[in-house]
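Structural overview
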Amino acid sequence: MKKLSLLGLTALLGACQSIQPAAKTSLDGEVFYLQRIALPPDATLSVSLQDVSLADAPAAVLDEQKGQIKGQVPLPFHLSYDPAQVKPGHRYSVSARIEVDGKLLFITTENHAVQLDGSDPQPLKIRVNAVR
């Protein structure tokens with residue numbers, strides 16, 4: 001009985017060791033704007049990687065970076081995603097927004113498409129435009 005238990009435990013531990021977390025891939029880039037103004041010290045940046053394939057449904061977010069801005073433009077960002085989430089034939093895009101106290105100051109107004117196949121230029125340059 002001991003040998004059977006030991007054999008079962010060994011097999012279980014071996015199976016656990018073969019399970020590895022999925023390798024993450026990343027996109028690095030910078031958010032910038034053309035206006036010659038400084039951001040307030042309490043401004044926040046939000047950058048997201050989204051699956052925008054379905055026109056009549058909300059975009060599925062693969063990763064998002066949010067936080068208080070340190071410094072001025074260009075603002076660096078780092079997005080990680082699991083390559084297993086990338087589906088053939090789907091379209092992916094990066095978008096960004098800058099807010100102060102929940103009020104939108106800048107947002108992307110153009111589609112910043114990414115392929116997620118290793119061919120995307122890095123760092124990505126994401127331009128945001130002022131909201132009036």
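The name an unreviewed UniProt entry gives the protein chain is Lipoprotein, with Pseudomonas mohnii as the organism.

**Looking at the sheet that holds strand β1 (residues 25–32)**
As summarised here, the arrangement of the three strands in space is β4-β1-β8, forming an open sheet in which the pairing is mixed. The two strands at the open ends of the sheet, each matched to only one other strand, are β4 (75–81) and β8 (124–127). For this sheet the average axis-to-axis angle between neighbouring strands, irrespective of direction, equals 35°. Sheet topology note: the β1/β8 ladder contains four bridges and is parallel. If you follow Gly29 over to β8, its bridge partner there is Leu124.

**Brief notes about the nonpolar core**
Among the nonpolar cores identified, the biggest contains 25 residues, and Val31, Leu49, Val94 and Ile98 are the most heavily contacted of them. Elements with a minimum of two residues in this core: β1, β2 (43–51), β4, β5 (92–100) and β8. Considering every element that reaches this core, the biggest residue donor is β5, with five residues. If sequence neighbours within four positions are ignored, Val31 has contacts with Leu45, Val47, Val73, Pro74, Leu75, Phe77, Ala96, Ile126 and Val128.

**So, the pattern of salt bridges**
This structure, assessed with the given rule, holds two salt bridges. Glu30 is paired through a salt bridge with Lys125; the nearest N and O atoms lie 2.8 Å apart. Of this pair, Glu30 sits in strand β1 while Lys125 sits in strand β8, placing them 95 residues apart in sequence. Accessibility expressed as a relative area gives 24% for Glu30, which makes it partly exposed. Between Arg97 and Glu99 there is a salt bridge whose closest N-O contact spans 2.8 Å.

What counts and how
Residues numbered from 1 in each chain as written. Predicted model: local features only at pLDDT ≥ 70, side-chain atom pairs only at ≥ 80, totals over all residues. Heavy atoms only, no water. Pairing = 2+ DSSP bridges. Helix = DSSP H or I, 4+ residues; strand = E, 2+ residues; numbered from the N terminus. Axes fitted to C-alpha atoms, helices over the stretch in contact; angles between N-to-C directions. Core = buried A, V, L, I, M, F, W, Y, C linked by side-chain atoms within 4.5 Å. Buried < 20%, exposed > 50% of the residue type's maximum accessible area, 1.4 Å probe, protein only. Contact = heavy atoms within 4.5 Å. Salt bridge = Lys/Arg side-chain N within 4 Å of Asp/Glu carboxyl O.

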